[in-house]
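# Architecture and fold: a report
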Amino acid sequence: MSQYKEYKVVHVVEGGCGTLLFGASGLPLQRLEAELNKYAQDGWQVVFQVIEQKRFMLFWTREAVILTLGR
């Protein structure tokens, strides 16, 4: 198992407008990919990820990805 010297947590959230208009809009995959590529250039690696669903406003739920990166 690798030992990392530092960690970084990245939080990518589903858009609010799509959630309000359509009930769900999905995660912004292009934004997520751009974030991962940016950090990969600096030597970061994905250590752990979790997808969470939170209540949004009163009636809707909204997804988010929490990525833990290490190097």
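The structure under discussion appears in the preceding block.
Let us look at the structure shown here. Here the structure is a predicted model, which is why all the values come from computation and not from measurement.

This paragraph deals with the environment of L29. Among the secondary structure elements, L29 is positioned in helix α2 (residues 29–41). According to the relative accessible area criterion, L29 is exposed, its value standing at 58%. Each C-alpha atom of the pair L29 and V12 lies 9.4 Å from the other, and the pair is 17 residues apart in sequence.

This part takes up the pattern of salt bridges. With the rule as written, the count across this model stands at 2 salt bridges. Across the pair R71 and E6 runs a salt bridge, and its minimum N-O distance is 2.9 Å. You can see R71 sitting in the segment after β3 (60–70) and its partner E6 sitting in the segment before β1 (7–13), a full 65 residues away along the chain. By relative accessible area, R71 is classed as partly exposed at 39%. By relative accessible area, E6 is classed as partly exposed at 37%. E35 is paired through a salt bridge with K38; the nearest N and O atoms lie 3.9 Å apart. Taken as a pair, E35 and K38 lie in helix α2 at a separation of 3 residues, close to a single helical turn.

Moving on: the packing of aromatic side chains. Given two aromatic rings, their pairing is described by the distance between the two centres and the angle made by the two planes. Within this structure, the stated rule accounts for 1 aromatic pair. The ring of Y39 carries the charged tip of K38 above its face, separated from the ring centre by 4.9 Å.

Judged by side-chain polarity, Y7, V47, F48 and V50 come together as a nonpolar surface patch covering roughly 380 Å² of accessible area. The greatest single-element share of the nonpolar patch, amounting to 3 residues, is contributed by strand β2 (residues 45–56). Relative to the elements of secondary structure, V47 occurs in strand β2. Residue V47 is classed as partly exposed on the basis of its relative accessible area, which comes to 37%.

Quick look at α2 now. Since the α-helix advances by 3.6 residues per turn, residues separated by three or four positions end up pointing in the same direction. The end-to-end C-alpha distance of α2 is 18 Å, a good match for the 18 Å that 13 residues give at a rise of 1.5 Å each. Just downstream of α2 lies G43, where phi reads positive at about 95 degrees.

The rules behind these values
- Residues numbered from 1 in each chain as written.
- Predicted model: local features only at pLDDT ≥ 70, side-chain atom pairs only at ≥ 80, totals over all residues.
- Heavy atoms only, no water.
- Helix = DSSP H or I, 4+ residues; strand = E, 2+ residues; numbered from the N terminus.
- Buried < 20%, exposed > 50% of the residue type's maximum accessible area, 1.4 Å probe, protein only.
- Salt bridge = Lys/Arg side-chain N within 4 Å of Asp/Glu carboxyl O.
- Phe/Tyr/Trp six-rings, centres within 6.5 Å; stacked < 30°, edge-to-face > 60°.
- Lys NZ or Arg CZ within 6 Å of the ring centre and 35° of its normal.
- Patch = residues over 30% accessible without salt bridge, like charges linked within 9 Å, V, L, I, M, F, W, Y side chains within 5 Å.
- Areas by Shrake-Rupley, 256 points an atom, 1.4 Å probe, with all protein chains shown as cover.
- Expected span 1.5 Å × (residues − 1).

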